[in-house]
Amino acid sequence: MSGLKIIVLAKQVPDTRNVGKDAMKADGTVNRGALPAIFNPEDLNALEQALRIKDRVAGSTVTVLTMGPGRAAEVIREGLYRGADNGYLLTDRAFAGSDTLATSYAISKAIEKTGPYDIIVAGRQAIDGDTAQVGPQVAEKLNLPQITYTEEVLEISKKKIKIRRRLERGVEEVSSTLPCVITVNASAPECRPRHAKQTMKFKYAKTVTELQAANEDYITLFENKPYLQIEELSVKDVGADVELLGLSGSPTKVKGIENVILEAKESRKVENTDAGVEEMIKELIENHTIG
């Protein structure tokens, strides 16, 4: 069996665990500059599934594709450190403010541009929007079958994949032909840590823009070590219609933002005994809090 070409959709997201009063802009978009940026957690689960397929199928390659500003190249480097082979940064001012519809359009155009693929893997959802829409929308735009809520890849061949998916009330085993799109749950295995050899190999991997900003000779660097180039893709590069991107291409509009502060109203101390716990559970069932 020849190797599989796997694309991992990853996103650099603001750390929503540190949301403050400046987290949102007046136009309803996230103020990303006010929050620390991290690798979207479920995209790390997706990366691990892609790397496990690569481990199982000799000759497979894993490409990380992310859309965002220049600093989002850090997500690609993180993927390279953990076992990915290369990556693309989809970046252009025209992408700013894109909702899921515009984002999935841009990503689908980038995927078409970057060549053949067998599997597209994405996290179930990003923590900054919690929509779980981009993966399925990419599948629709590329006219591909999709399997969501993936927890484990059970079987894989050049033409078919079998997956166990975790649902609210149980699990399912689902098969699909390739190529396809799969989205991965947080219940899937955590991503492996950085690999020392991969980190040493790719620690100087950068985009042309990053090297230009540092006034470094990127031409000589990439001629001698082409694997260190993180390729940047613009709207023009992927052949996208600018009217379908950014705020103009995003029908989702934020009408209002409200800060909600939860306050405890009542509390009651429960004895740390079997009888105390049993009494508490009985009361919670009776008032329909649980059960």
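*Asks:* Provide a residue-level description of the overall build of the protein, including the pertinent values.
*Replies:* Looking only at helices and strands, the protein has nine helices and eleven strands in total. Taking the principal axes of the C-alpha coordinates as reference, the protein spans close to 75 × 50 × 40 Å. By residue count, 42% of the 291 residues in the protein fall in the buried class. Pairs at least 24 apart in sequence give 69% of the contacts found in the protein among residues at least 6 apart. Carbon and sulfur atoms provide 50% of the accessible area of the protein, an area that totals close to 16,800 Å². The protein carries 39 positive and 42 negative side-chain charges, and their two centres are separated by 5 Å.

*Asks:* Residue-level account of empty space enclosed by the protein, with values.
*Replies:* Considering all chains together, one arrives at one cavity of 30 Å³ or more under this definition. Put simply, the largest cavity is a space of about 40 Å³. Forming the walls of the largest cavity are Leu80, Asp85, Asn86, Gly87, Phe202, Tyr227, Gln229 and Ile230. Along the lines of polarity and charge, the residues of the lining of the largest cavity split into four nonpolar, three polar and one charged.

Scoring rules and cut-offs
Residues numbered from 1 in each chain as written. Predicted model: local features only at pLDDT ≥ 70, side-chain atom pairs only at ≥ 80, totals over all residues. Heavy atoms only, no water. Helix = DSSP H or I, 4+ residues; strand = E, 2+ residues; numbered from the N terminus. Buried < 20%, exposed > 50% of the residue type's maximum accessible area, 1.4 Å probe, protein only. Contact = heavy atoms within 4.5 Å. Areas by Shrake-Rupley, 256 points an atom, 1.4 Å probe, with all protein chains shown as cover. Lys, Arg positive; Asp, Glu negative; His and termini not counted. Charge placed at Lys NZ, Arg CZ, Asp CG, Glu CD. 1 Å grid on protein atoms, 1.4 Å probe; cavity = no way out; pocket = protein on both sides within 12 Å on 5 of 7 lines; lining within 4 Å. Points joined across faces, edges and corners; volume = space filled by probe spheres on them. Nonpolar A, V, L, I, M, F, W, Y, C, P; charged D, E, K, R; others polar.

Remember, this is a structural readout, not a statement about activity or role.
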